[in-house]
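# Overview (structure and organization)
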Amino acid sequence: MFLSIIGAPYGVLCFKLAGYFIWPFGKVILKSGNLHTRKCCVRFSKCEAIPEVDENEKTHLTEKCVNMHSDIQFFEVNHWWRVSTYIWLMLGFPVLAVTHGLACFISWILIFFIPISKMNARTLTKVLMMPPEHVHVRSPRIVDDYSEYEVVLCCYHSVNIYYYKYSVDGLNVFAVNLILLVVVSLSLGYADSHNNYTSSALQ
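These figures come from a predicted structure and were not determined experimentally.

Mapped onto this numbering, the UniProt entry annotates "domain: Inner membrane component" (unreviewed entry) at residues 1–27. Between the end C-alpha atoms of residues 1–27 the distance is 25 Å, and the span holds 56% helix and 0% strand.

Our focus in this paragraph is the UniProt feature "transmembrane region" (unreviewed entry) in the protein. Taking the numbering used here, the UniProt-annotated feature "transmembrane region" (unreviewed entry) corresponds to residues 86–114 and 171–191. Across residues 86–114 one finds 86% helix and 0% strand; the C-alpha atoms that close the span lie 31 Å apart.

Glancing now at helix α4 (residues 83–109). If you check α4, its first and last C-alpha atoms are 38 Å apart, about what 27 residues at 1.5 Å a residue would give, namely 39 Å. The sharpest bend along α4 reaches about 50° and sits at F93, with the proline P94 one to four residues further on. In this structure, the buried side of α4 is in contact with α1 (8–22) and α5 (114–125). Directly beyond the C-terminal end of α4, a positive phi value near 65° is found at I111.

Next up on the list: the packing of aromatic side chains. In this structure the tally under the stated criterion is 6 aromatic pairs. Note on W23 and F25: the rings are 4.9 Å apart at their centroids and 75° apart in plane angle, and the pair reads as edge-to-face. Using a relative accessible area of 53% as the deciding quantity, one classes W23 as exposed. With centroids separated by 5.8 Å and ring planes inclined at 80°, the aromatic side chains of W108 and Y166 adopt a geometry described as edge-to-face. On the criterion of sequence distance, the pair formed by W108 in helix α4 and Y166 in the loop between β3 (150–154) and β4 (167–168) is long-range, its members being 58 residues apart. By relative accessible area, which is 21% here, W108 ends up partly exposed. By way of ring pairs, the aromatic residues W108, Y163 and Y166 are connected into one cluster.

The backbone of I5 shows a phi angle near 65°, a positive value even though the residue is not glycine. Take I5: it is sitting in the segment before α1. You can call I5 exposed: its relative accessible area is 66%. Positioned with a positive phi, I111 is a non-glycine residue whose angle comes to about 65°. Within the secondary structure, I111 sits in the loop between α4 and α5. I111 sits in the buried class, given a relative accessible area of 5%.

This part is about the side chain of S117. Along the chain, S117 turns up in helix α5. You can call S117 buried: its relative accessible area is 2%. A distance of 2.9 Å separates a polar atom in the side chain of S117 from the backbone oxygen of C104.

This part covers the sheet that holds β3. Taken in spatial order, the 3 strands line up as β2-β1-β3 in an open sheet, and their pairing is antiparallel. What marks the edges here is a single partner per strand, and that holds for β2 (135–138) and β3. Sheet twist, expressed as the mean angle between neighbouring strand axes with direction ignored, is 30°. Where strand β1 (residues 28–31) and β3 come together, 4 bridges link them in antiparallel fashion. Bridge pairing links I29 to L153 in β3. Running over the sheet, α1 touches β1, β2 and β3 and is turned about 30° from β2.

Quick notes on the rules
Residues numbered from 1 in each chain as written. Predicted model: local features only at pLDDT ≥ 70, side-chain atom pairs only at ≥ 80, totals over all residues. Heavy atoms only, no water. UniProt positions renumbered as here; feature names shortened; annotations may be inferred. Helix = DSSP H or I, 4+ residues; strand = E, 2+ residues; numbered from the N terminus. Expected span 1.5 Å × (residues − 1). Bend = angle between axes of the 7 residues up to and from the residue. Contact = heavy atoms within 4.5 Å. Phe/Tyr/Trp six-rings, centres within 6.5 Å; stacked < 30°, edge-to-face > 60°. Buried < 20%, exposed > 50% of the residue type's maximum accessible area, 1.4 Å probe, protein only. Polar contact = N/O pair within 3.5 Å; in protein donor to acceptor, adjacent residues only side chain to side chain. Pairing = 2+ DSSP bridges. Axes fitted to C-alpha atoms, helices over the stretch in contact; angles between N-to-C directions.

Right under this line is the structure:
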């Protein structure tokens, strides 16, 4: 990404995430941005004015809140207008998608490492799709004010022995993992019915 020049911010992002994944414990990945402006629209529902102000002030507050909301929407769309974003999606993201995908799959199959699987899945679907300048790796002890940040990822432990009780849509995780073996066996049975490539014992 640094060689592409224009994709250098994503190169910086890779360095940040590399340091995080070497030892993620005691660190959080934060998303920054104009989150404090959203509080205006959250606090003042439908941009209602305070009763003590006059009509002119009411109109002014309403327009200001709507304008800030429009600026936020423009910023989010503007991220997908950048050339660097598509360079990242073509050059950098596929490599990390394969890496995190394999880590997610292997951790899920091992069951007790499902926390790591969830962490890699969230990284793939959320963190790597955010604007690089909005991704921050911090220690909770040195973050003074969380009001301007959104906590995206935080890993407390990598292994949990109680995940043998974990269920997906009512199915135990062991049963979910065995479904994959059933699908592979059926595929091999139909695709290689004459056992040209696999033995019947394997199927």
